[in-house]
Amino acid sequence: MREAGLLVVGASLAGLRAVEAARATGYSGPITLIGAERHLPYDRPPLSKAFLRDEEPAVPTLADAHALAALNVDVRLGEAADGLCLEEREVMAGGRCVPFDSLVIATGCAPVTLAGTESMADTAGMNGVNGVHTLRTLDDARAVRRHVLAGARTVLVGGGFIGAEVATALRARGSSVTIVEAADVPLVRAAGRVVAPLLAALHARAGVDLRCGVSVRRVSDGPDGRRVVLSDGSVLTADLVLVGVGARPTTGWLAGSGLGVDDGVLCDETLRAAPGVYAAGDVARWHNPLFGTAMRLENRTAAAELGAAAGRHAVDPSAATAVSAVPYFWSDWYGSRIQMVGVVEADEVHVVGDPDGGSWAALHRRGDRVVGALTVGRPRQIMKYRAMIARRAPWTVAREFAGAPSGVGGSA
Ligand SMILES: Cc1cc2nc3c(=O)[nH]c(=O)nc-3n(C[C@H](O)[C@H](O)[C@H](O)COP(=O)(O)OP(=O)(O)OC[C@H]3O[C@@H](n4cnc5c(N)ncnc54)[C@H](O)[C@@H]3O)c2cc1C
């Protein structure tokens, strides 16, 4: 009888944590880790921060060959899974069938491009245009870094977190940056109606040209760089065009497998998608009991926590428990650390501190509970808010901790 063991698809943070956690339970059966990229598992957050900023940045590797050998895992890099057969309990990858007893799906996300496809090559109006990039992988970051070092005139399409971090690196070198944002204010969905304009003001203060309510109609090669034609008819010239309009879960390879997929792999509160099949990280949409709703998170902390839980549950389903997580995200903009915990859907938002002065916080209330907080320039407070949200603390506790509101506020 074959012992196929644990198969983990996706060799990044969630996949690696799944392998480590499975071994930590004492599981001694075979483990296979399949990754589409040729690189050893590495950390993505530094790619838009230190990797662009530092003179000689290190590759932010999460586990070297020695560490992987110690885990006794069969690592297959440069192999993309392209099919799953639940009945046969097999994954197709690199032209072969890889059997499994239990499976962890950790295939993360891929960036959305202007045409809404997963491949830049398919992007309407941008075929073959050099200097048009997304930023998700180490290879992407190497290409973007070359432009940053060269002092590239840059157009950022989309005013999200990654774009803001690239703008930070570029402005530090004195390069000109324009952000083209289709919405009236960037980040309304991620940060909420009250907070998003306060974050947008950081761009203006850093000398970034923020253009809202316009979209990119066309990008083409011109005599002096890339010509970016906007929906209001204006034309920008750039050396680097970085498209940062979000990411979509990498689930195409699961088509026809019978797994439920709807903006992520659908899982129960233990991360189980089917018997013996779990999902984790950016690709997983699971029922988060802390908020009583299904969620898919795109942040490092959740990827690590969910990855570890999925690895444990996959090798010992009888011990599987509900996975609660408080969303936590950070970003570095123009010397300010921005940190967010919890959720932004709220009945009320209170801002404390001075948004013009670089140190402030926004608290989010739903009913009589604090459900979210965002801080700027207050790095030591955020874990206190995280603990309050995790223990379902009343709103008054968070308000008392934060001090009196500054007067800016309203409903989210
Ligand atoms: C530039 C950047 C900056 C970020 N900054 C922050 C930050 O400041 N704070 C924060 O909290 N989070 C940040 N994030 C988000 C964080 O990095 C992600 O939440 C985290 O990487 C998710 O880990 P994951 O393992 O679920 O997925 P991923 O890291 O996306 O890894 C998925 C892996 O699966 C592989 N894969 C995909 N399809 C297949 C297939 N069919 N077969 C085999 N392998 C496959 C992919 O190649 C990839 O290596 C940032 C992300 C990026 C890109």
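The rules we used
- Residues numbered from 1 in each chain as written.
- Predicted model: local features only at pLDDT ≥ 70, side-chain atom pairs only at ≥ 80, totals over all residues.
- Helix = DSSP H or I, 4+ residues; strand = E, 2+ residues; numbered from the N terminus.
- Rg over C-alpha atoms; globule rule 2.2 N^0.38 Å.
- Buried ≥ 20, exposed ≤ 12 C-beta atoms within 10 Å, placed from the backbone.
- Contact = placed C-beta atoms within 7 Å.
- Expected span 1.5 Å × (residues − 1).
- Pairing = 2+ DSSP bridges.
- Axes fitted to C-alpha atoms, helices over the stretch in contact; angles between N-to-C directions.
- Near = placed C-beta within 6 Å.
- Nonpolar A, V, L, I, M, F, W, Y, C, P; charged D, E, K, R; others polar.
- Domains from an automatic or database assignment.
- Parallel < 35°, antiparallel > 145°, perpendicular 65-115°, else oblique.
- Left-handed = near helix turned anticlockwise from the far one by under 90°.

Details of the overall build of the chain
Right, on to step 1. The number of helices and strands found in the chain is 10 helices and 28 strands.
Right, on to step 2. The globule rule puts the C-alpha radius of gyration for 412 residues at 22 Å, and the 22 Å found for the chain is close to it.
Right, on to step 3. With respect to the principal axes defined by its C-alpha atoms, the chain has extents near 65 × 60 × 40 Å.
Right, on to step 4. Expressed as a percentage of the 412 residues in the chain, the buried residues total 46%.
Right, on to step 5. For the chain, restricting intrachain contacts to residue pairs at least 6 apart in sequence, the fraction spanning at least 24 positions comes to 62%.

Some thoughts on helix 5 (residues 161–172)
Right, on to step 1. An ideal rise of 1.5 Å per residue puts 16 Å on 12 residues; helix 5 measures up with 17 Å between its terminal C-alpha atoms.
Right, on to step 2. Counted residue by residue, helix 5 has 10 buried out of 12 residues, so it is predominantly covered.
Right, on to step 3. Gly 174 sits one or two residues past helix 5 and shows a positive phi near 80°.

Structural notes on the sheet that holds strand 6 (residues 96–99)
Right, on to step 1. Spatial strand order, 4-5-6: three strands in an open sheet with antiparallel pairing. Where the open sheet ends on each side, the last strands, each with one partner, are strand 4 (81–85) and strand 6. Ignoring strand direction, the axes of neighbouring strands in this sheet form an average angle of 25°.

Some points on the pairing of strand 23 (residues 328–333)
Right, on to step 1. Of the pairings in the sheet, the one linking strand 23 to strand 24 (residues 336–342) comprises six bridges and is antiparallel in character. Note on strand 24: the bridge partner recorded for Asp 332 is Arg 337.
Right, on to step 2. Between the antiparallel neighbours strand 23 and strand 24 lie two residues, among them Tyr 334 with a positive phi of about 45°.

Looking at the pairing of strand 25 (residues 348–354)
Right, on to step 1. The element strand 25 is largely enclosed, with a buried count of five among its seven residues.
Right, on to step 2. The hairpin formed by strand 25 and strand 26 (residues 359–366) contains four residues between the paired strands, and Gly 358 there has a positive phi angle of roughly 90°.

Considering the environment of Arg 145
Right, on to step 1. Mapped onto the fold, Arg 145 is located in helix 4 (residues 138–149).
Right, on to step 2. The residues touching Arg 145, leaving out its near neighbours within four places in the chain, are Phe 51 and Leu 52.

Let's talk about the site of the ligand
Right, on to step 1. By nearness alone, 36 residues border the ligand, and Gly 10, Ser 12, Arg 44, Gly 108 and Gly 281 come closest of all.
Right, on to step 2. Taken together, the elements giving at least two residues each to the shell around the ligand come down to helix 1 (13–24), strand 2 (31–35), helix 8 (300–315) and strand 23.
Right, on to step 3. Taken together, the residues of the shell around the ligand break down into 18 nonpolar, 12 polar and six charged.
Right, on to step 4. No fewer than three residues from each of domain 1 (6–108 + 250–319) and domain 2 (112–246) sit in the shell around the ligand.

Examining the packing of helix 1 against helix 8
Right, on to step 1. Viewed as axis vectors pointing N to C, helix 1 and helix 8 meet at an angle of 40°, and their least axial separation amounts to 7 Å. Overall, the two elements helix 1 and helix 8 adopt an arrangement that is oblique. Considering how the two elements wind past one another, helix 1 and helix 8 form a crossing that is right-handed. Residues Leu 13, Ala 14, Gly 15, Arg 17, Ala 18, Val 19, Ala 21 and Ala 22 of helix 1 form the contact with helix 8, whose participating residues are Arg 300, Ala 303, Ala 304, Leu 306, Gly 307, Ala 308, Ala 310, Gly 311, Arg 312, Ala 314 and Val 315.
Right, on to step 2. Of the residues that constitute the contact of helix 1 with helix 8, the class distribution is 13 nonpolar, three polar and three charged.

Observations concerning the sheet that holds strand 16 (residues 240–243)
Right, on to step 1. The sheet built from five strands is open, its strands ordered 9-16-10-11-12 with parallel pairing. The open sheet terminates on both sides in strands that have one partner only, identified here as strand 9 (132–133) and strand 12 (209–212).
Right, on to step 2. Strand direction decides the pairing type here: strand 9 and strand 16, joined by two bridges, are parallel. Paired with Val 132 across the strands is Val 241, a residue of strand 16.

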